[in-house]
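Below are the chains, spelled out letter by letter.
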Amino acid sequence: MKRLFTLIFCCFSIALFAQQKGTVVVIIDPMIDSLIAKRVAVYSKSPGAATGTPVKPGAAIVSQMGYRVQIFYGSDRRQVFAEQARFKSAYPNLNTYITYKEPNYYLRVGDFRTRLEAQRLLNELRPMFPTLFIFREKINAPNLDYSNDNER
């Protein structure tokens, strides 16, 4: 019986090693190329366009730890986008970020280096949005414009 199992095992192992090499054909959906092009276009935009600060063309977006203000969270996607539009109409220069962690969507705004800057926005938004929180997370650091500094 042991010999029979050994013989069957050997036959199967030889069959595994006897496979032929072939060619792989990759079929790509054309929409993937357009999505990649859109992503490149979004990330190649100058980071200063949203904040109004002049930035050298092709400058990289620097990320660092900072603060954002959460202005809304909920499970209804349409409501999150409505709140984002409401915020953008009042503050068009501030960036908004929507994240999804099951089962809720979170709408956070701003890229603040210090908690004090985030607290100022929170105090300003208190009448418009009832549930506000400050979160420390990785932000897209706003570029500093030193061209207006006076020489001492």
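What counts and how
Sequence order sets the numbering: in each chain, residues are counted from 1 along the sequence as written. This being a predicted model, a pLDDT of at least 70 is required before a residue's local features are given, and a value of 80 or more before pairs of side-chain atoms are given or counted; all residues contribute to the totals for chains, interfaces and linings. As a rule here, side-chain values cover all heavy atoms of the structure and leave hydrogens and water aside. Where helices and strands are cited, they refer to DSSP runs of H or I of at least four residues and of E of at least two residues respectively, numbered from the N terminus. Here a helix's expected span is defined as the number of its residues, less one, multiplied by 1.5 Å. For every residue, the accessible area (1.4 Å probe, protein chains only) is compared with the maximum for its type, and the residue is labelled buried under 20%, exposed over 50%, or partly exposed between those bounds. Side-chain rings of Phe, Tyr and Trp (the six-membered ring for Trp) are treated as a pair once their centres are within 6.5 Å; stacked means planes under 30 degrees apart, edge-to-face means over 60, and tilted covers the remaining angles. Comment: the charge-over-ring label is applied if NZ (Lys) or CZ (Arg) is within 6 Å of the ring centre and within 35 degrees of the ring normal. By convention in these notes, a salt bridge is any Lys or Arg side-chain nitrogen within 4 Å of a carboxyl oxygen on Asp or Glu. The residues that make up patches have over 30% relative accessible area and no salt bridge, and they are joined within 9 Å when like-charged or within 5 Å when they are Val, Leu, Ile, Met, Phe, Trp or Tyr. Only the protein chains shown count as cover for residues, and the accessible areas themselves come from Shrake-Rupley with a 1.4 Å probe.

*Asks:* I'd like a description of helix α2 (residues 30-44), backed by residues and values.
*Replies:* An ideal rise of 1.5 Å per residue puts 21 Å on 15 residues; α2 measures up with 22 Å between its terminal C-alpha atoms. Of all 15 residues that make up α2, zero are buried, and the element is exposed over most of its length.

*Asks:* Lay out the environment of glutamate 117 in plain terms, naming residues and giving numbers.
*Replies:* Its place among the elements puts glutamate 117 in helix α5 (residues 115-125). Sequence separation between glutamate 117 and tyrosine 67 is 50 residues, and the spatial gap between their C-alpha atoms is 8.5 Å.

*Asks:* Could you give an account of the packing of aromatic side chains, naming the residues involved and the relevant values?
*Replies:* Per the counting criterion, the structure on display carries five aromatic pairs. A centroid spacing of 6.1 Å and a plane angle of 20 degrees characterise the contact between tyrosine 73 and tyrosine 106, whose relative ring orientation is stacked. On the criterion of sequence distance, the pair formed by tyrosine 73 in strand β1 (residues 63-74) and tyrosine 106 in strand β3 (residues 104-112) is long-range, its members being 33 residues apart. Classification of tyrosine 73 as partly exposed rests on a relative accessible area of 41%. Taken together, the aromatic side chains of Phe87, Tyr91 and Phe129 make up a single cluster linked through ring pairs. The ring of tyrosine 97 carries arginine 68 above its face, with NZ or CZ at 3.6 Å from the centroid. Here arginine 108 stacks its cationic end above the ring of phenylalanine 135, 3.9 Å away from the centre of that ring.

*Asks:* Could you give an account of the pattern of salt bridges, naming the residues involved and the relevant values?
*Replies:* This structure, assessed with the given rule, holds four salt bridges. Here arginine 68 makes a salt bridge to glutamate 137, at a shortest N to O gap of 2.7 Å. Here arginine 68, found in strand β1, pairs with glutamate 137, found in strand β4 (residues 133-140); they are 69 residues apart in sequence, far enough to count as distant. The class for arginine 68 is buried, based on a relative accessible area of 7%. Taking relative accessible area as the criterion, glutamate 137 reaches 17% and is therefore assigned buried. Residues participating in the shared-partner salt-bridge network are Arg68, Arg108, Asp111 and Glu137.

*Asks:* Mind laying out a nonpolar patch on the surface, listing which residues take part and the relevant values?
*Replies:* Together, Val24, Val26, Ile28, Ile32, Ile36 and Val40 give the surface a local cluster of nonpolar side chains, amounting to about 610 Å² of exposed area. With respect to the helices and strands, isoleucine 28 occurs in the loop between α1 (2-17) and α2. Residue classification places isoleucine 28 among the exposed residues on the basis of a relative accessible area of 53%.

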